[in-house]
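Listed here are the chains, written in short residue letters.
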Amino acid sequence: MLPNTGRLAGCTIFITGASRGIGKAIALKAAKDGANIVIAAKTSQSHPKLPGTIYTAAEEIEAAGGKALPCIVDVRDEQQISSAVEKAVEKFGGIDILVNNASAISLTNTMETPTKKVDLMMSVNTRGTYLTSKACVPFLKKSKIAHILNLSPPLNLNPMWFKQHCAYTIAKYGMSMCVLGMAEEFKGEIAVNALWPKTAIHTAAMDMLGGSGIESQCRKVEIIADAAYSIFKKPKSFTGNFVIDENILKEEGIKNFDVYAIKPGHPLLPDFFLDEHPDAVMKKTGSQGAAPELKEEKSQAQAKSCSGPVEETFRIVKDALSDDVVKATQAIYQFELSGEDGGTWFLDLKSKGGNVGHGEPSDRADVVMSMSTDDFVRMFSGKLKPTMAFMSGKLKIKGNMALAIKLEKLMSQMHSRL
């Protein structure tokens, strides 16, 4: 963990979405120096699925040694932003650092993203970041520290990051474009940078996206807090950078990253928008103990000439089934596969001995998984982790997420037989 230096003592940091998760972690790190934190977030009353409010965050910040100003702010509302900025300046005398952390996410393709969700992501991510920055700039210009930090990714125009969740990518890249433009516009006056994690970070949002068990593949929010703190220590001349958390902490001399892992030693899920995820990771890891006909990487042309890779996969899976597997799983899975040899398939792990086949199961499926036939074969042969497929939009899941996680565990046990 990165030690505190006391450099942020007395500094005022305006953080959007600071009632929980990454925003709160950055606030608590700065609070240990004795910083003033403006908690600009929507949650004023407790939510059944999302723990924490602006008031509980304020208590934690003050307990850590900082001063807190909780403000109800929906970044879609320009008046609420302006009001919070005025209150911050009135209470603390200015603003030294702005963290644009508030974000909205929907990992859905073009036809499955309602206009309401498109508007939400554009309004919170891009427009909210722009308006909050605009409101804080006059005060940041008067600060000796003067940093804007956006929690947004490097601008990567690889089409794979657009095709599965185009609206989300556009909205998130809008935050990154604010870095690109404002770093140049305010050069010498305000440092403007982006920060993005190398791996998935465990937050309430990640639990909702990935389901139960996802945390073992994540790092703690503290790695982002430490990386942000490292950026805040840098001069105004450090600007226009798209920083990856692990890289900047390595520069700080951090060598042991296990301290940031939820489950040290467990494989970590790479984050979005970094090209090593997911395809390069697949190529690096390869397949351990998979059946030869599934292990070989196929080009599109080869895949078409291959007779029934999905049917062959189900045949191998069926041979691996047992009463013990059924007893441990107790679920019916339906697969909606697109492409060659696709259609509807099922894996029944409720009936005695288990069963697989083409078409819909006789009883209602607990989990419905939609993906391409190529990705299905790769998933069952160990080349594509289901969680990774889900995170990158290659796999869509409807139904009981806990049972979907069970299938991932089951597949990892089956790899030696496949």
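Shown above is the structure to which this text applies.
I will try to describe carefully the structure that is included in this document. Model, not experiment: these values are computed from the prediction.

**Structural notes on empty space enclosed by the protein**
Next, step 1: Throughout the structure, instances matching the rule amount to one cavity of 30 Å³ or more.
Next, step 2: When its volume is computed, the largest cavity comes out at roughly 80 Å³.
Next, step 3: What lines the largest cavity is a set of 11 residues, and nearest its centre among them are Pro386, Thr387, Ile397, Ile405 and Glu408.
Next, step 4: Elements supplying a minimum of two residues to the lining of the largest cavity: helix H16 (386–391) and helix H17 (401–414).
Next, step 5: Here the lining of the largest cavity gets four residues from one element, more than from any other, and that element is H17.

**As for the nonpolar core**
Next, step 1: Residues Phe14 and Ile190 are the most contacted members of the largest nonpolar core, which totals 52 residues.
Next, step 2: Dropping the residues within four chain positions of it, isoleucine 190 is found in contact with Val137, Leu140, Lys141, Ala146, His147, Ile148 and Thr239.
Next, step 3: Counting 43 residues, the second-largest nonpolar core is a separate cluster that includes Ala31, Ile61, Leu149 and Leu249.

**Some words on the sheet that holds strand S12 (residues 396–399)**
Next, step 1: The mixed open sheet is built from five strands, whose spatial order is S10-S9-S8-S11-S12. Here the strands that pair on one side only, and so sit at the sheet edges, are strand S10 (355–358) and S12. Taking each pair of neighbouring strands and ignoring which way they run, the sheet shows an average axis angle of 15°.
Next, step 2: Running at roughly 5° to strand S9 (residues 343–349), helix H13 (residues 309–320) makes contact with strand S8 (331–338), S9 and S10 of the sheet.

**Considering the packing of helix H3 (residues 78–92) against helix H4 (residues 115–140)**
Next, step 1: Running from N to C, H3 and H4 cross one another at 25°; their axes reach a closest spacing of 9 Å. When the axis of H3 is compared with that of H4, the two are roughly parallel. Helix-helix and strand crossings are classified by hand; for H3 and H4 the assignment is right-handed. Along the contact surface, H3 presents Glu78, Ile81, Val85 and Val89, while H4 presents Leu131, Thr132, Ala135, Cys136 and Phe139.
Next, step 2: When the residues that make up the contact of H3 with H4 are grouped by side-chain class, the tally is seven nonpolar, one polar and one charged.

**A closer look at the pattern of salt bridges**
Next, step 1: Under the criterion given, the structure shown has 13 salt bridges.
Next, step 2: Two residues, aspartate 226 and lysine 29, come together in a salt bridge whose shortest N-O distance is 3.2 Å. With aspartate 226 in helix H8 (residues 222–232) and lysine 29 in helix H1 (residues 21–31), the pair connects residues that are 197 residues apart, well separated along the chain. With respect to burial, aspartate 226 and lysine 29 carry one shared label: buried.
Next, step 3: Notably, a salt bridge pairs arginine 315 with aspartate 319, separated by 3.2 Å at the nearest N-O pair. Placement of the pair is arginine 315 and aspartate 319 together in helix H13, with a separation of four residues, close to one helical turn.

**Examining unusual backbone geometry**
Next, step 1: Backbone geometry at alanine 146 places phi at a positive 50°, although glycine is not the residue there.
Next, step 2: Considering the arrangement of structural elements, one finds alanine 146 in the loop between H4 and strand S5 (147–150).
Next, step 3: Even without glycine at this site, glutamine 330 takes up a positive phi of about 50°.
Next, step 4: Within the secondary structure layout, glutamine 330 lies in the loop between helix H14 (323–329) and S8.

**Overview of the packing of aromatic side chains**
Next, step 1: If you walk through the whole model with that rule in mind, you get 14 aromatic pairs.
Next, step 2: Relative to phenylalanine 273, the ring of tyrosine 173 lies with its centre 5.2 Å away and its plane at 55°, an arrangement referred to as tilted. Note that tyrosine 173 is positioned in helix H6 (residues 166–185) and phenylalanine 273 in the loop between helix H9 (245–251) and helix H10 (276–285), a separation of 100 residues in sequence. The exposure classification of tyrosine 173 matches that of phenylalanine 273, with both residues buried.
Next, step 3: Between phenylalanine 314 and phenylalanine 335, the ring centres sit 5.9 Å apart and the planes meet at 65°, which makes this aromatic pair edge-to-face. Of this pair, phenylalanine 314 sits in helix H13 while phenylalanine 335 sits in strand S8, and the two are 21 residues apart along the sequence.

**A few points about the environment of lysine 134**
Next, step 1: Mapped onto the elements, lysine 134 comes out in helix H4.
Next, step 2: A C-alpha to C-alpha distance of 9.8 Å links lysine 134 and methionine 182, two positions 48 residues apart in sequence.

**A word on the side chain of threonine 129**
Next, step 1: Tracing the sequence through the fold places threonine 129 in helix H4.
Next, step 2: What threonine 129 contacts, discounting residues up to four positions off in sequence, is Asn100, Val124, Asn150, Met175 and Cys178.

How each quantity is defined
Residues numbered from 1 in each chain as written. Predicted model: local features only at pLDDT ≥ 70, side-chain atom pairs only at ≥ 80, totals over all residues. Heavy atoms only, no water. 1 Å grid on protein atoms, 1.4 Å probe; cavity = no way out; pocket = protein on both sides within 12 Å on 5 of 7 lines; lining within 4 Å. Points joined across faces, edges and corners; volume = space filled by probe spheres on them. Helix = DSSP H or I, 4+ residues; strand = E, 2+ residues; numbered from the N terminus. Core = buried A, V, L, I, M, F, W, Y, C linked by side-chain atoms within 4.5 Å. Buried < 20%, exposed > 50% of the residue type's maximum accessible area, 1.4 Å probe, protein only. Contact = heavy atoms within 4.5 Å. Pairing = 2+ DSSP bridges. Axes fitted to C-alpha atoms, helices over the stretch in contact; angles between N-to-C directions. Parallel < 35°, antiparallel > 145°, perpendicular 65-115°, else oblique. Left-handed = near helix turned anticlockwise from the far one by under 90°. Nonpolar A, V, L, I, M, F, W, Y, C, P; charged D, E, K, R; others polar. Salt bridge = Lys/Arg side-chain N within 4 Å of Asp/Glu carboxyl O. Phe/Tyr/Trp six-rings, centres within 6.5 Å; stacked < 30°, edge-to-face > 60°.

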